[in-house]
Amino acid sequence: MGMKFSVQDARWEIVPEKFLAGFSHPGNTEHQLWAVLCRLSILRGEDPLTVTVGDLEAESGLEAVEIEKLLEYSELHGLACRKIGGQNDD
């Protein structure tokens, strides 16, 4: 629970297809999050999609800590990009 506040205002730019391809084998958590990313991407008409961990937590039912771990892994592999501060794009 204590982690939530530290990740809420970071925004993540994610390409859903690349996100799933970044994981070597199917896993429930990755696929659950991937489904949410795709749905939000289509609904918002965004590619890449910009979301917060809070958005993803609310939509997926996953814990913020789990989501953050997957996003950090994705960032290391060039599949996601953390945008600090929310308002400034680059």
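For the structure itself, look to the data block above.
Report on the accompanying structure. Remember, predicted model here, so these are calculated numbers, not experimental data.

## Some words on helix 5 (residues 64-76)
If you check helix 5, its first and last C-alpha atoms are 18 Å apart, about what 13 residues at 1.5 Å a residue would give, namely 18 Å. For helix 5, the complete set of buried residues consists of Ala 64, Ile 67, Glu 68, Leu 70, Leu 71 and Ser 74. The buried residues of helix 5 occupy an angular sector of 165° when projected down its axis, which confines them to one face. Exposed residues lying more than 90 degrees from the buried face of helix 5 are Lys 69 and Leu 76. Following helix 5 by one or two positions, Gly 78 has its phi on the positive side, about 75°.

## Digging into the pattern of salt bridges
Overall, the coordinates contain five salt bridges when judged by the stated rule. Between Lys 83 and Glu 13 there is a salt bridge, with the nearest N and O atoms lying 3.8 Å from each other. Here the residue Lys 83 occupies a position in strand 3 (residues 80-83), and Glu 13 occupies one in strand 1 (residues 11-14), the gap between them amounting to 70 residues. On the basis of relative accessibility, which here comes to 10%, the residue Lys 83 falls in the buried class. Shared partners join several salt bridges into a network, and the residues in it are Glu 68, Glu 72 and Arg 82.

## Observations regarding the environment of Leu 70
Along the polypeptide, Leu 70 turns up in helix 5. Judged by its relative accessible area of 8%, Leu 70 falls in the buried class. Spatially, the C-alpha atoms of Leu 70 and Ala 80 are 9.7 Å apart, while their sequence positions differ by ten residues.

## Things to note about the sheet that holds strand 3
Pairing in this open sheet of three strands is antiparallel, and the strands run 2-1-3 from one edge to the other. The outermost strands of the open sheet, each flanked by one partner alone, are strand 2 (49-52) and strand 3. Within this sheet the neighbouring strands show an average axis-to-axis angle of 30°, counted without direction. In this sheet, strand 2 lies alongside strand 1 in antiparallel orientation, the contact comprising four bridges. Residue pairing for strand 2: Glu 13 is matched across the bridge by Thr 50.

What counts as what
Residues numbered from 1 in each chain as written. Predicted model: local features only at pLDDT ≥ 70, side-chain atom pairs only at ≥ 80, totals over all residues. Heavy atoms only, no water. Helix = DSSP H or I, 4+ residues; strand = E, 2+ residues; numbered from the N terminus. Expected span 1.5 Å × (residues − 1). Buried < 20%, exposed > 50% of the residue type's maximum accessible area, 1.4 Å probe, protein only. Arc of directions from axis to C-beta. Salt bridge = Lys/Arg side-chain N within 4 Å of Asp/Glu carboxyl O. Pairing = 2+ DSSP bridges. Axes fitted to C-alpha atoms, helices over the stretch in contact; angles between N-to-C directions.

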